[in-house]
Amino acid sequence: MAAGGGDPAASPMKTPSWAVRIRGADGEIAGAGILLTPDQVLTCAHVVDRAADRLTAEFVGAADHSVPAVRARVDGTAYVPETRDADGDPSGDVALLRLERPRPAEETVRLHRLSAPGREVRMYGFPYAHNGGIWFRSTVVGGCGRDGQVQLSPVNPGELASPGCSGAGVADSRTGEVIGMVLSGQLDQHGNRFSFMSPAETIARHLPRLKPRIVGPTAVDERLLPAADGASQDLLDEPFAQRLAAWLRDDGSQVKISVVEPGDAARAATLRRAITLADRELRTAVSIDRASLDPPGTVPSAGGHDLAVDASGLTAAEIAERIAERIGLWQHPEHPPLDRIRASKTSLNLVVVGVDEAADPPDLLDLLDVLRAGGSRLLLVFRTAGDCHRRARERLLARPARERRARLVERLRDITGPLAEDLHERLAAVVPSGVRPLDSELVAAHAALAALLRADEDDRERDDDRDGDRHHDRDRDRDRDRDRDRDRERERDGDRGRDRDQDWRYDQDQDWHHGHGHGHDRDQDRRHDRDGGLHQDRRQARGRDQDRRQARGRDQDRRQVHDRDQDRCQARGPVQDRQHDRDRDRGHDPVEDRKQARAPGPAPGHTPDLDRYELLADRVAGRLRAGVAELDRLRDRRDELAGRLRGYHVLHQHSLGGEEDPAVDDLYLRAHALLRTRPCDVRAAEAAVDAYTRRVEEHGGGDTR
């Protein structure tokens, strides 16, 4: 049996027992419904409006193959009509019917909380000419509007939900669980076909009495819910709230990393508020009202996240199991959850709070990297900007950005290399008549490639600088040891020098006795050599001392900058604290930024122009390929004209029987010259060939076409 306790997983091979056909007082089909309890049917409010006061529920999937009909009415106040805000976003449109006679409990089904982005779903409705019901297939596109509704795209154009499908249950094709209810189908003015459903979480918010009939894990861990006493309700870090709301509205960034320190009550309350408002089941009616008192840009979209987990004390395996359960991967529980996640190729919007407080942060980073590589969007919150935070920034932000930039560099090299060469080869062959000039696109591609290569070089220089900082202390100690060895060697040289002086004095006395003149010359030579060597030693020693002083100065400067940054970090006030945290939200550290401010180019992990350059690469590559294709058509036309000209020329020569026709020959020579010219003006050559062939035909040469 299904989780609902009634019908097994919705099988396309049979009519589901929970599917209800609803007729109005006129006997016409008004819509569909879902049997949730033996005497309660869920449907759309507009189905009730269409059926007027008299409603009849018909159970087309009854076990005895009959179609029992039971009178029904709205169950008290369980009626939420559709309303639209100032922007036209719909909300509500749910109702609960009470049956006059209950149905068997085994025919019921429960709704299931399930995140199913990109998944195929099925709905069983009763459109015109299919009164017995029919399955429709769709794919989940994503959330839309402030009410938390979900957009569906029909697998085939003919499977668009039509009148008679409103109120039908939407079943996940993989698990068979009923995860929502069809609201409407729409064909817009551009021919696009869409259906919309209200998921289980949104239904639970509009009709809280149905929560006992909704199963599956909630999207938000209890530890992340706002405090029950409401003490932190008025605390709001507005800039932080705007950045969180932007990410939850999908601002284009895949990974966002923030730091919320344990003592920062305002940021903690702001984070909980954003998580709550982004959940379809927890957000309030006020939070989806455009005229609410919330600061502008601080209210995220409903369904902005699929799961929000507090990682404190949890293992990576436990978090992976939580993710697998949320996206409906409970099949094959004997397989590790990470393997199931990899095999499913399913992505989701995941919020993880307290990444560095998990039981095994390195393993959790491995899991998050797998999710990122699979296309999931990640909002990661750390308690401190420590080693785990730095590793996450490098692994989930900086490295993917470098890999993305490397892929873009290869694309641009292909565009400016082989693809541009193909274009130039064609341009050398034919005149680009009717082909859009592509010089500006190629110039833009070369400029983008140069900018990315400069950024790569800047990153390498910064990496070298950081390596130098890390190894500076080691190098300084090595220099100090070398200087100490040199001093000892110099002392030993000095002792040996004194011994040589004594020996020299003895030799000098001996030389004086043996020959005064020659001894005087040798004395002068030796003194000169000794003085020259001493001067050279002194110059070398002064050079080494100067190098050591400069190294000590650089080291002292670095220490002063580091100490000053540390003092500023410790002494900054609340406003500076928030600015520091905002910088960390963007994935970089202010202290490191001040070191890097002297270097040109983007900071590591930042990709300020990648989106624009990727769009540029797509546009330029598309236009180049289109231009090459058009030039190929011109070149083929040139070859076709050349063959036609040769054929007519041979035919004309045979018809003349060796005589000459200067007028026709001139036309031939002109057409031949145009076809041989590079680049060939195909249009002009075509006109010349046409003129020649017409003249040949006029002279009775016939038509070889």
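Quick summary incoming for the structure in this document.

Thresholds applied
- Residues numbered from 1 in each chain as written.
- Predicted model: local features only at pLDDT ≥ 70, side-chain atom pairs only at ≥ 80, totals over all residues.
- Heavy atoms only, no water.
- Core = buried A, V, L, I, M, F, W, Y, C linked by side-chain atoms within 4.5 Å.
- Buried < 20%, exposed > 50% of the residue type's maximum accessible area, 1.4 Å probe, protein only.
- Helix = DSSP H or I, 4+ residues; strand = E, 2+ residues; numbered from the N terminus.
- Contact = heavy atoms within 4.5 Å.
- Axes fitted to C-alpha atoms, helices over the stretch in contact; angles between N-to-C directions.
- Parallel < 35°, antiparallel > 145°, perpendicular 65-115°, else oblique.
- Left-handed = near helix turned anticlockwise from the far one by under 90°.
- Nonpolar A, V, L, I, M, F, W, Y, C, P; charged D, E, K, R; others polar.

## Things to note about the nonpolar core
As a rule of thumb, soluble globular proteins bury nonpolar side chains together.
So, point 1. Ranked by internal contacts, the top residues of the largest apolar core, which has 57 residues, are Ile34, Leu42, Leu99, Leu111 and Met181.
So, point 2. By residue number, the principal contributor to this core is strand β2 (residues 29-37), which donates six residues.
So, point 3. Not counting chain neighbours up to four residues away, the residues in contact with Ile34 comprise Trp18, Val20, Gln40, Val41, Leu42, Val109, Gly167, Ala168, Gly169, Val178, Gly180 and Met181.
So, point 4. Core analysis: the next-biggest nonpolar cluster, separate from the first, contains 43 residues, Val435, Ala445, Leu616 and Val664 among them.

## Some words on the packing of helix α8 (residues 387-429) against helix α13 (residues 610-656)
So, point 1. In the contact formed by α8 and α13, the axes pass within 9 Å of each other and the chain directions differ by 20°. When the axes of α8 and α13 are compared, the pair comes out roughly parallel. Of the two possible hands of crossing, α8 and α13 adopt the one that is left-handed.
So, point 2. Looking at the contact of α8 with α13 residue by residue, the class counts come to 16 nonpolar, no polar and 13 charged.

## Some remarks on unusual backbone geometry
So, point 1. With an omega dihedral of 0°, the bond running from Arg678 to Pro679 counts as a cis peptide bond.
So, point 2. Position of Pro679 among the secondary structure elements: in the loop between α14 (662-676) and α15 (682-698).
So, point 3. Although it is not a glycine, Asp93 adopts a positive phi angle of roughly 70°.
So, point 4. Its place among the elements puts Asp93 in the loop between β7 (90-91) and β8 (94-99).
So, point 5. The backbone of Lys345 sits at a positive phi, close to 55°, despite the residue not being glycine.
So, point 6. Secondary-structure assignment places Lys345 in the loop between α6 (337-344) and β19 (349-353).
So, point 7. Residue Lys345 is classed as exposed on the basis of its relative accessible area, which comes to 76%.

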